[in-house]
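One letter stands for each residue in the lines below.
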There are 2 protein chains.
Amino acid sequence: MERKKVCIIGTGLMGGSLALQLHEKKIASQLVGVDSDPVHAQEALDRELVDQILPLNEAISLSDVVVLAIPVDRMLDLLPRILDIVDHQIVLDLGSTKAQLVETVAHHPRRGRYVATHPMWGTEYSGPSAAVKQAYENKAVILCNGTDSDSDALEWVKAMYRKIGMHLMEMDAVAHDLHAAYISHISHITSFALANTVLGKEKEENAIFELASAGFESTVRLAKSNPSMWVPIFMQNRTHILDVLDEHIAQLSKFRTGIAEGNTEILKSLIEEANKIRRILK
Amino acid sequence: MERKKVCIIGTGLMGGSLALQLHEKKIASQLVGVDSDPVHAQEALDRELVDQILPLNEAISLSDVVVLAIPVDRMLDLLPRILDIVDHQIVLDLGSTKAQLVETVAHHPRRGRYVATHPMWGTEYSGPSAAVKQAYENKAVILCNGTDSDSDALEWVKAMYRKIGMHLMEMDAVAHDLHAAYISHISHITSFALANTVLGKEKEENAIFELASAGFESTVRLAKSNPSMWVPIFMQNRTHILDVLDEHIAQLSKFRTGIAEGNTEILKSLIEEANKIRRILK
């Protein structure tokens, strides 16, 4: 594939990790970073995530590809403004919600330059210091509403993700948001709520620290995730998330009833049902 | 420490993994297994978890130490019967609930031979094939109501866990069950319920399989856990678990309200509160 000059807006966990891949896989001939946080900007330079940091307009004019890796609320403001000023550039985003963003630029005269993507990778950490090598590899990436993108833009973005080692899936933006609610967003809510449950009730922190088993850590680790990233996701995907959350509370209530009534048969069948997750998780 | 002849009742995940440690750390001079499931018994022999499989009474009479590693409901039946027939033997259990078991044998004439323990290690798998080497190392183990145990029995059990590389904590059995509800049992319920939420709503399993990120896998992996082990735990620790579960549903409802009302300030503060889990998890 043709190497291009890439500019990454937001040099944190997602953007910084992508930058490392674009460098390592020789996808970018030049990597410019844009970051509104001067501490993060300096950190991105110090960690050599990008070659230089520039103001937004200058960075875009020097680039062939613009990657948006910022919280999804800021994306709604910035994407149309970027499409206003691009000509030949390919613009893509890495956001966790897609429907509202795609809708926002649906009638933009340069809609075709934009490719909506969601790489299904992340960690509970944030900022340039959270960027890691080999991120994204062997994970899925969803491309949404590809027929609205210019074919040169879509093909280059697909080639980029393939070269990183991701599995490509194409999906309508609304369907994406529904699936994301089940597969990602609800896990964060259960984890945040579990952390608050334990922190609220348990005061002997040394005891928690000593006792916490790998199982506990596994279910609460997402509770370390950043509110600046997650509040806007919950807002944009509100309808689907509420639907999943109601179902989740209903499922928890079934366990509650089974335990309260001492109904071991019900509990056994609820757990056996849950065990079917083995079929779809390795 | 003095090597002893050890008999392990239940050669699955917990008992089998302990057997591997007792062998590797040269703690046992002889390892006899007891398993009511003939397939598991054969598997334990094939995997060399134990030297031989014997019927219960014969195994106990040939041993100095008896380890109970069976579901906690079966423990309530078996522990008093074992105490009926031991004389010099040390008896310990690895169960996830302690209060009811300790209560059951509180007035047994040979109560002193028994040491109540809960090593805070496990995985979502079960049976002899789930036994792994180096299990338990660097994890906490809780010893309950140690003053009710004979000092020779208590000291040998402590020495055993130290030699395996565990951190010892002592705690009253009722306090243990309360802590275990927060640190372990609730995580399993949230994970089972999350699996049922996703499985119930989502029919496109290939999509789940492809999309499932590490975060999702982390929060649902405990949903693979065995009902024979977990239903009795939920029953024995019912009061504490219901208390935690009600609090957890209340915490989820706060997220629900914040999302439904579009209250970003509330959501931000709920997540910031949850982020404090960073202080107590590495």
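Treat the numbers as computed from the prediction; the structure is a model and nothing was measured.

Basis of the calculations
In every chain, residue numbers begin from 1 and rise along the written sequence. Throughout, the order in which chains and ligands are written sets their labels, letters from A for the former and numbers from 1 for the latter. Whole-chain, interface and lining totals are the exception, using all residues; otherwise, since this is a predicted model, local features are given only for residues with pLDDT of at least 70 and side-chain atom pairs are given and counted only at 80 or more. Calculation of side-chain values draws on the structure's entire complement of heavy atoms; hydrogens and water are dropped beforehand. A least-squares superposition brings the copies together, and it is based on the C-alpha atoms of residues with pLDDT no lower than 70 in both. What makes two residues a contact is simply this: any of their non-hydrogen atoms within 4.5 Å. The way it works is that DSSP assigns letters per residue, a run of H or I at least four long becomes a helix, a run of E at least two long becomes a strand, and they are numbered from the N terminus. Relative accessibility thresholds used throughout: buried, under 20% of the residue-type maximum; exposed, over 50%; partly exposed, between the two (1.4 Å probe, protein chains only). Whenever a carboxyl oxygen of Asp or Glu lies within 4 Å of a side-chain nitrogen of Lys or Arg, that contact is scored as a salt bridge. Between N or O atoms, a polar contact is any pair within 3.5 Å; within protein, one atom must be a potential hydrogen donor and the other a potential acceptor, and residues adjacent in sequence are included only when both atoms are from side chains. Under this grouping Gly is polar, as are all residues other than the nonpolar Ala, Val, Leu, Ile, Met, Phe, Trp, Tyr, Cys and Pro and the charged Asp, Glu, Lys and Arg. Note: domain ranges come from an automatic or database domain assignment.

Participant: What exactly am I supposed to notice about the relation of the copies chain A and chain B here?
Facilitator: Related by rotation about an axis and a shift along that axis, the two copies of the chain form a pair. In the superposition of chain A on chain B (RMSD 0.0 Å, axial shift 0.0 Å), the rotation amounts to 180°. The symmetry that links the two subunits is that of a two-fold axis. Relative to the rotation axis, the C-alpha of threonine 219 of chain A is the closest in chain A, positioned 2.2 Å from it. Both copies contact each other with a shared surface, as 99% of the interface residues of chain A are interface residues in chain B too.

Participant: I would appreciate a short explanation of the environment of glutamate 58 of chain A in the present structure.
Facilitator: Residue and element names in this part refer to chain A. Locating glutamate 58 in the fold gives a position in helix H3 (residues 56–61). Overall, the relative accessible area of 40% leaves glutamate 58 in the partly exposed class. Each C-alpha atom of the pair glutamate 58 and valine 34 lies 9.6 Å from the other, and the pair is 24 residues apart in sequence.

Participant: Help me understand the interface of chain A and chain B in this model?
Facilitator: Frequently, the measure chosen for interface size is the accessible area that the parts lose on association. Tallying the contact residues gives 88 residues for chain A and 87 residues for chain B. At the surface where chain A touches chain B, the tally comes to 2 salt bridges. Linking arginine 256 of chain A and aspartate 246 of chain B is a salt bridge whose minimum nitrogen-to-oxygen distance equals 2.5 Å. Summed over the shared surface of chain A and chain B, the result is 19 residue pairs in polar contact (both at pLDDT 80 or more). With 18 residues, helix H11 (residues 238–260) of chain A is the single largest residue contributor to the side of chain A that touches chain B. Split by residue class, the side of chain A that touches chain B holds 47 nonpolar, 20 polar and 21 charged.

Participant: When you look at the domain arrangement of chain A in this model, what are you seeing that I'm missing?
Facilitator: Residue and element names in this part refer to chain A. Domain annotation of chain A identifies domain 1 (4–171) and domain 2 (176–280). A salt bridge links glutamate 124 to arginine 221, with the shortest nitrogen-to-oxygen separation between them at 2.7 Å. If you look at where domain 1 meets domain 2, you find 9 residue pairs in polar contact (both at pLDDT 80 or more). Secondary structure elements with two or more residues in the side of domain 1 that touches domain 2: helix H4 (72–85), helix H5 (99–104) and strand E7 (140–144). Looking at the side of domain 1 that touches domain 2, the element that brings in the most residues is H4, giving 3 residues.

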